Amino acid sequence: MRLDKFIGNNTELSRTQIHIAIKQGLISINDIPVAKTNAHIQDGDKVVFDGKLIEERKARYLMLHKPAGYVSANSDSEHPTVLDLIDMPFKQELQIVGRLDLDTTGLILLTDDGQWNHKITSPKHLHTKSYLVTTTDTIDESAITIFAEGVLLKGETKPTLAAELTILSSNQARLSICEGKYHQVKRMFAAIGNHVASLHRERISAICLDESIPPGKYRPLTRDEIASFEK
Ligand code: URA
């Protein structure tokens, strides 16, 4: 691969900055400064820019604890986005794996591995998502059966797939669903005459939100967490 392309792919330097750096002798291949912009590198070559090793970028996999007030989008004219919470080069290349509403908190996954994202979000794969739901009104026991049997949401023609509701207190429950319809949890509670006051995603399939991550912070996924979608 051409040296300038390799540097362009793996740093945030512009083409002009790369060419100036090469001309100034700031870039070396295997400890030998390079002067030609059209130099080529081979697999395993050590490329250093200004004393720093440039490494081939690898796909990134992150879990973010989303606070309320952030949009699950790469850009938004009105509100800050979850990407505003990320401090990494090339963050615009991160894809948001399944969105949460502006006021919903909790687990968001981000990656620049499109295939991995697809494995999680494609409707073909029914991954369970668990939410902690706080409602304005008392949750009636009948909701357990109604949600297990499927409920017809306003504007839909087919009922929701079986969902598991565990009532934790008079107005708090854990709901596990395996679809991702628009505002699904809020609409499910609306369908039984209740109203969601707050919503927090705790889990996507085998990946649970790490309780040690404060709102607004993130960490890379572990190898096992990444691989959990292969199983
Ligand atoms: N269901 C909702 O209603 N909102 C979310 O943010 C996620 C699931």
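Since we're looking at a predicted model, the values are computed, not measured.

A. Highlighting the site of the ligand. The environment of the ligand is formed by Leu100, Asp101, Thr104, Tyr131, His183, Gln184, Val185, Lys186 and Leu199. For the ligand, a nitrogen atom lies 2.7 Å from a polar atom in the side chain of Asp101. Broken down by element, the shell around the ligand gets its largest block of residues, 3 residues, from helix α5 (residues 184-191). For the shell around the ligand, the per-class residue count stands at 4 nonpolar, 3 polar and 2 charged.

B. Examining the pattern of salt bridges more closely. Considering all chains together, one arrives at 12 salt bridges under this definition. Two residues, Glu93 and Arg57, come together in a salt bridge whose shortest N-O distance is 3.0 Å. Placement of Glu93 in the loop between β5 (61-66) and β6 (95-97) and of Arg57 in the loop between β4 (52-53) and β5 is noted, with a sequence separation of 36 residues between them. By relative accessible area, which is 40% here, Glu93 ends up partly exposed. Measuring nitrogen to oxygen at the nearest pair gives 3.4 Å for the salt bridge that ties Lys181 to Glu179. For Glu179, a relative accessible area of 12% translates into the label buried. A single salt-bridge network, built from bridges that share partners, covers Glu156, Glu179, Lys181 and Arg187.

C. The nonpolar core, seen in detail. Leu110, Phe147, Leu175 and Phe189 are the most contacted members of the largest nonpolar core, which has 28 residues in total. Where this core is concerned, the elements lending two or more residues are β5, β7 (105-111), β8 (129-135), α4 (142-149), β10 (172-177), α5 and β11 (196-204). Leu110 has contacts with Arg60, Tyr61, Leu62, Leu64, Val82, Leu83, Ile86, Gln95, Ile96 and Val97, leaving out every residue within four places of it along the chain. Formed by 14 residues, the second largest nonpolar core is a distinct cluster that contains Tyr61, Val97, Leu107 and Ile226.

D. Quick look at the side chain of Thr11. Inspection of the secondary structure puts Thr11 in the loop between α1 (3-10) and α2 (15-23). Looking at Thr11, the relative accessible area reads 14%, which means it is buried. At 3.1 Å, the side chain of Thr11 and the backbone nitrogen of Leu13 are in polar contact.

E. Looking closely at the packing of aromatic side chains. Across all of its chains, the model carries 3 aromatic pairs by this definition. Geometrically, the ring pair formed by Tyr61 and Trp116 is edge-to-face, given 5.0 Å between the ring centres and 80° between the ring planes. With Tyr61 in strand β5 and Trp116 in helix α3 (residues 114-121), this residue pair connects regions lying 55 residues apart in the sequence. Owing to a relative accessible area of 15%, Tyr61 belongs among the buried residues under this scheme. Given the relative accessible area of 1%, Trp116 is considered buried. Between the aromatic rings of Trp116 and Phe229, the centroid separation amounts to 5.5 Å while the plane-to-plane angle is 90°, which identifies the pairing as edge-to-face. Here Trp116 is found in helix α3, whereas its partner Phe229 is found in the segment after α6 (223-227), with 113 residues between them in sequence. Taken as a pair, Trp116 and Phe229 share a single burial class, namely buried. Each residue in the set Tyr61, Trp116 and Phe229 is aromatic and connected to the rest through ring pairs, giving one cluster. In this arrangement the basic side chain of Arg57 is found over the ring face of Phe90, its NZ or CZ atom lying 3.6 Å from the centre.

F. Main features of the pairing of β7. The element β7 is largely enclosed, with a buried count of 6 among its 7 residues. Of the strand pairs in this sheet, β5 and β7 are connected by 6 bridges, and their pairing is antiparallel. Paired with His65 across the two strands is Leu107, which belongs to β7. Sheet topology places β6 next to β7; 3 bridges connect them, and they run antiparallel. Opposite Ile96, over in β7, you have Leu110 as the bridge partner. By the bridge criterion, 2 bridges tie β7 to β11 in an arrangement that is parallel.

G. The domain arrangement of the protein, seen in detail. Segmenting the protein into domains produces domain 1 (3-53) and domain 2 (61-225). The straight-line distance from the C-alpha centre of domain 1 to that of domain 2 is 42 Å.

What counts as what
Sequence order as written defines residue numbering, which begins from 1 separately in each chain. With pLDDT at 70 or above as the cut-off, local features in this predicted model cover only qualifying residues; side-chain atom pairs require 80 or more to be listed or tallied, and sums for whole chains, interfaces and linings still use all residues. Heavy atoms throughout the structure, all of them, feed into the side-chain values; hydrogens and water do not. If a single non-hydrogen atom of a residue is within 4 Å of a molecule or strand, that residue counts as near it. Whenever a nitrogen or oxygen atom comes within 3.5 Å of another N or O atom, the pair is scored as a polar contact, on the condition that within protein one atom can donate a hydrogen and the other can accept it, and that pairs from neighbouring residues in sequence are kept only if both atoms are in side chains. Segments assigned H or I by DSSP are reported as helices when at least four residues long, segments assigned E as strands when at least two residues long, and all are numbered from the N terminus. Each residue receives one of three labels: charged for Asp, Glu, Lys and Arg, nonpolar for Ala, Val, Leu, Ile, Met, Phe, Trp, Tyr, Cys and Pro, and polar for the others, Gly being one of them. Between Lys or Arg on one side and Asp or Glu on the other, a salt bridge is scored when a side-chain nitrogen of the former is within 4 Å of a carboxyl oxygen of the latter. Exposure is judged per residue with a 1.4 Å probe applied to protein chains only, and the accessible area is read against the type maximum: over 50% gives exposed, under 20% gives buried, and values in between give partly exposed. Think of a nonpolar core as a cluster: buried Ala, Val, Leu, Ile, Met, Phe, Trp, Tyr and Cys residues, connected wherever their side-chain atoms sit within 4.5 Å. Here, residues are in contact when the closest pair of their heavy atoms is within 4.5 Å. The aromatic pairing rule takes the rings of Phe, Tyr and Trp, using the six-membered ring of Trp, and pairs them if the centres are within 6.5 Å, calling planes under 30 degrees apart stacked, those over 60 edge-to-face and the rest tilted. Placement of a positive charge over a ring is assigned whenever Lys NZ or Arg CZ falls within 6 Å of the ring centre and within 35 degrees of the normal to the ring plane. Only strands joined by at least two bridges in the DSSP assignment are considered to pair. The domain limits used here are those given by an automatic or database domain assignment.

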